[in-house]
Amino acid sequence: MDILFLITSFIFALIVPIINYSLLGLKGIIYSVILILFILFVLAYSILSIFKFKIARIDYLLSKKIVSWNAKTDNIKPQKTPFYIALFIGIVFGIVFSINSFNIISNILLSLSIAFACLGWWLMGIKRLEEKYKNIDSFVLSHVGLILGRKSTVFNGYSNGILSVKNDNKKLVINILQRKKEHSIVIDIPEDKIATVDAFILDLNEFLNG
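Computed from a prediction, not measured in an experiment: that's the story for all the values here. (Residues numbered from 1 in each chain as written. Predicted model: local features only at pLDDT ≥ 70, side-chain atom pairs only at ≥ 80, totals over all residues. Heavy atoms only, no water.)

Colleague: Explanation requested: the sheet that holds strand S2 (residues 139-142) in the structure shown.
Modeller: Note: strands within a sheet are paired through backbone hydrogen bonds, in either parallel or antiparallel orientation. The strand order across the open sheet built from four strands is S1-S2-S3-S4, with neighbouring strands paired in antiparallel fashion. Lying at the two open borders of the sheet, with one neighbouring strand each, are strand S1 (65-69) and strand S4 (151-154). Strand after strand, the sheet turns through a mean of 5° between neighbouring axes, direction not considered. Relative to S2, S1 runs antiparallel, the two being bridged by four bridges. Along S2, the bridge assignment pairs Ser-68 with Val-140. Running over the sheet, helix H2 (residues 21-63) touches S1, S2, strand S3 (145-148) and S4 and is turned about 65° from S4. (Pairing = 2+ DSSP bridges. Helix = DSSP H or I, 4+ residues; strand = E, 2+ residues; numbered from the N terminus. Axes fitted to C-alpha atoms, helices over the stretch in contact; angles between N-to-C directions. Contact = heavy atoms within 4.5 Å.)

Encoded structure:
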């Protein structure tokens, strides 16, 4: 779907200079095609950089891993956020084009083109991020953060961090401060991970107690 959205975006954008050939001429169309490709490249770089950062954060957490295993997490729900973002961007650019006196057809085509381009690159970024998550355990406890399901958190000791950890009858109970709010995570501990978890809990308690 991501490639289809990008192709649709390019076609919609290309139609605009074609229907305005009488105003632009051949040189104008060539310039417009170059401009379209440049804008698609800028959008790709900007959006995919966000997901490159997220993947780098996962690699950073994995490099400081203490223990990990595949734990039961909430079912993954289809993300609607990219569609909302694309719709919002399309509307914003539609308003901008209207203010700049674009004719109605060009306005609609260009707004749709930008919306589809953002959606396509965003979905491509999500696909790369999902591939990364599929190749790691669903639960990763790191010295510098935590990965659970499709969420990763880096601890900073201020707004994000571990408050306490305990082994409660083979269940790992982690009290976390996240965005200055406290909450608990409870995960079953596999038999082969109990010794590692207990050693970590002992070290952490000694650290927290000074």
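On we go.
Colleague: Explanation requested: the side chain of Ser-152 in the structure shown.
Modeller: Tracing the backbone through its elements, the reader meets Ser-152 in strand S4. Residue class for Ser-152 comes out buried when judged on its relative accessible area of 12%. At a separation of 3.2 Å, a polar atom in the side chain of Ser-152 contacts the side chain of Arg-57. Excluding anything up to four places from it in sequence, Ser-152 contacts Arg-57, Ile-58, Leu-61, Tyr-133, Leu-146 and Ile-147. (Buried < 20%, exposed > 50% of the residue type's maximum accessible area, 1.4 Å probe, protein only. Polar contact = N/O pair within 3.5 Å; in protein donor to acceptor, adjacent residues only side chain to side chain.)

Colleague: Would you mind going over the sheet that holds strand S5 (residues 160-167) with me for this structure?
Modeller: Spatial strand order, S5-S6-S7: three strands in an open sheet with antiparallel pairing. Each of the sheet's edge strands pairs with one partner strand only, and the pair in question is S5 and strand S7 (181-188). Geometrically, the sheet is characterised by an average inter-axis angle of 20° between neighbouring strands, direction not taken into account. Of the strand pairs in this sheet, strand S6 (residues 171-178) and S7 are connected by eight bridges, and their pairing is antiparallel. Note on S7: the bridge partner recorded for Ile-174 is Ile-185.

Colleague: Explain the packing of helix H1 (residues 2-19) against helix H4 (residues 104-134) here, please?
Modeller: What describes two packed helices is the angle between their axes and the distance between those same axes. Taken N-terminus to C-terminus, the directions of H1 and H4 make an angle of 160°; their axes are 7 Å apart at the nearest point. The pairing of H1 with H4 is recorded here as roughly antiparallel in orientation. For the crossing formed where H1 meets H4, the hand is left-handed. Split by residue class, the contact of H1 with H4 holds 18 nonpolar, five polar and two charged. (Parallel < 35°, antiparallel > 145°, perpendicular 65-115°, else oblique. Left-handed = near helix turned anticlockwise from the far one by under 90°. Nonpolar A, V, L, I, M, F, W, Y, C, P; charged D, E, K, R; others polar.)

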